[in-house]
Amino acid sequence: MMRNTDVNTKNRCSLNDNRGAALFSALAMLFIFSALGMTYLRYMALEVETTRNEVSIVRAQHLSGGGIYAAVAELQVSNAESYSFNLNAYRYEKEVAGQAKARVGYAQTVQVSVEAESGKVNLNHAPKAVLVALGLPSQVVTDFQSKVSATPLLSVDDLRGRTYLSGPEFTALDTSVFTVYGDGKINLNAASPAVLAAVFGLSAEESTVLAAKRPFTTEEDLLAKLAKDPSTFNVTSAEGLSLESTCFRLKSSVNVALSENPEAKRFPAETEAVVSFSVAGVPAIHYWRESSVAAAVEAAVEVSSATEESSAAVSPATVSPAAVSPEKPSVPNGVSGAKDKANR
């Protein structure tokens, strides 16, 4: 009898131990699955946030690019040389209770600036005397002009990239007065005083005085205001000069915020382009560069790739076969044009 009692007691203790182990295992499994569930929910929240950010980045890029196309349309009906304007940015809300989608403004605008690229001196077309007057060494000009017909400069940076200038020489040069775009004609109504001085052989003071007398309406008006013997000019004829622009540098920027909260995350984007117009007013894009949050992150991750340049591959069905800067390997669809003098 005593022996049976001991056996029963041992069985009950063993059963209690098994139940405790099972409870502990169940609680452990519950904890593990809860942790996995919380991790999954957190992961899904991050995915939703990442997708929202990517959509905002793309939206910012499209808004910025849209500013360029708006500027092109503006230039087709405007005679202005250099100016800036703002565009309201809109988005469509979802349809509510069968009503039409409402257009709601963002908390910011697209800022667009237009600069007359024709006011700069084209390295591939300008006379040697003008380039030398702007600070380029005479021998350097002779060297690249002897090759320009076969291998024209694709960017101002080519002066350094093709070793025509050393690093310090290129740094000391005022590159803001040069370009490689357009038909080579210098728009005197948009040129800086430094360019006017180089073209007409003027002092800095004389070029500033001449710039203040603009606009020049005709060649006769220009000569009357210049009051200088044409034989002293650094250009041999008026063929390389103009009184209006056909080539422009456009910049569009936006800083997208999805709410009016000052602390809201913002997504900046900027687009820069160079566009020329044929005699018939048909636009052709020669250069296109985009920068955004995504581009900045990518550049930080791959620093080496950020400095690489490659020649642009442009589809003739969308953009005229103009010389395109190697700084952007492709040009967006939407602006087309026929080959004109600017592309030769």
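I will try to describe carefully the structure that is included in this document. All values reported here derive from a predicted model rather than from experimental measurement.

Let's talk about the packing of helix 6 (residues 193-200) against helix 7 (residues 204-211)
Where helix 6 contacts helix 7, the two axes come as close as 8 Å, and the packing angle between them is 110 degrees. In terms of their interaxial angle, helix 6 and helix 7 are classed as roughly perpendicular. Note that helix 6 runs across helix 7; the crossing there is right-handed. Residues P193, L196, A197 and F200 of helix 6 form the contact with helix 7, whose participating residues are S207, T208, L210 and A211. When its residues are assigned to classes, the contact of helix 6 with helix 7 shows 6 nonpolar, 2 polar and no charged.

Concerning the nonpolar core
Counting 42 residues, the largest nonpolar core has L123, L136, F144, L159, F178 and F200 as the members making the most contacts within it. Among the secondary structure elements, those contributing two or more residues to this core are helix 2 (128-133), helix 3 (138-145), helix 6, helix 7 and helix 8 (219-226). Examining the composition of this core, we find that 6 residues originate from one element, helix 6, more than from any other. Apart from residues no more than four positions distant in its own chain, F178 is found in contact with K120, V121, L123, L131, L134, L136, V156 and L173.

Structural notes on the pattern of salt bridges
Counted under the stated rule, the structure contains 10 salt bridges. With a shortest N-O distance of 3.5 Å, E49 and K265 are connected by a salt bridge. Taken together, the residues E49 in helix 1 (residues 2-75) and K265 in the loop between strand 7 (247-257) and strand 8 (266-277) connect sequence positions 216 residues apart. For E49, a relative accessible area of 31% translates into the label partly exposed. Notably, a salt bridge pairs R162 with D158, separated by 3.3 Å at the nearest N-O pair. For D158, a relative accessible area of 11% puts it in the buried group. Through salt bridges with shared partners, a single network forms among E115, E117, K120, R249, E270, E272 and R289.

Observations regarding empty space enclosed by the protein
Tallying each qualifying case throughout the model produces 1 cavity of 30 Å³ or more. Here the largest cavity defines a volume of roughly 40 Å³. Contributing to the lining of the largest cavity are E117, S118, K120, N122, T179, Y181, G182, D183, G184 and K185. Its residues placed into classes, the lining of the largest cavity shows 1 nonpolar, 5 polar and 4 charged.

A few points about the pairing of strand 9 (residues 283-292)
The buried fraction of strand 9 amounts to 7 of the 10 residues, a majority that puts the element mostly inside the structure. In the sheet, strand 8 pairs with strand 9 via 9 bridges, with the strands oriented antiparallel. Bridge assignment links S276 to a residue of strand 9, and that residue is A284.

Topic: the packing of aromatic side chains
Evaluation of the coordinates by the stated rule reveals 6 aromatic pairs. Aromatic pair F200 and F233: ring centres 4.9 Å apart, planes at 70 degrees, arrangement edge-to-face. In this pair, F200 sits in helix 6 while F233 sits in the loop between helix 8 and strand 6 (241-242), placing the two residues 33 residues apart along the sequence. Since its relative accessible area comes to 13%, F233 is described here as buried.

Definitions and cut-offs
- Residues numbered from 1 in each chain as written.
- Predicted model: local features only at pLDDT ≥ 70, side-chain atom pairs only at ≥ 80, totals over all residues.
- Heavy atoms only, no water.
- Axes fitted to C-alpha atoms, helices over the stretch in contact; angles between N-to-C directions.
- Helix = DSSP H or I, 4+ residues; strand = E, 2+ residues; numbered from the N terminus.
- Parallel < 35°, antiparallel > 145°, perpendicular 65-115°, else oblique.
- Left-handed = near helix turned anticlockwise from the far one by under 90°.
- Contact = heavy atoms within 4.5 Å.
- Nonpolar A, V, L, I, M, F, W, Y, C, P; charged D, E, K, R; others polar.
- Core = buried A, V, L, I, M, F, W, Y, C linked by side-chain atoms within 4.5 Å.
- Buried < 20%, exposed > 50% of the residue type's maximum accessible area, 1.4 Å probe, protein only.
- Salt bridge = Lys/Arg side-chain N within 4 Å of Asp/Glu carboxyl O.
- 1 Å grid on protein atoms, 1.4 Å probe; cavity = no way out; pocket = protein on both sides within 12 Å on 5 of 7 lines; lining within 4 Å.
- Points joined across faces, edges and corners; volume = space filled by probe spheres on them.
- Pairing = 2+ DSSP bridges.
- Phe/Tyr/Trp six-rings, centres within 6.5 Å; stacked < 30°, edge-to-face > 60°.

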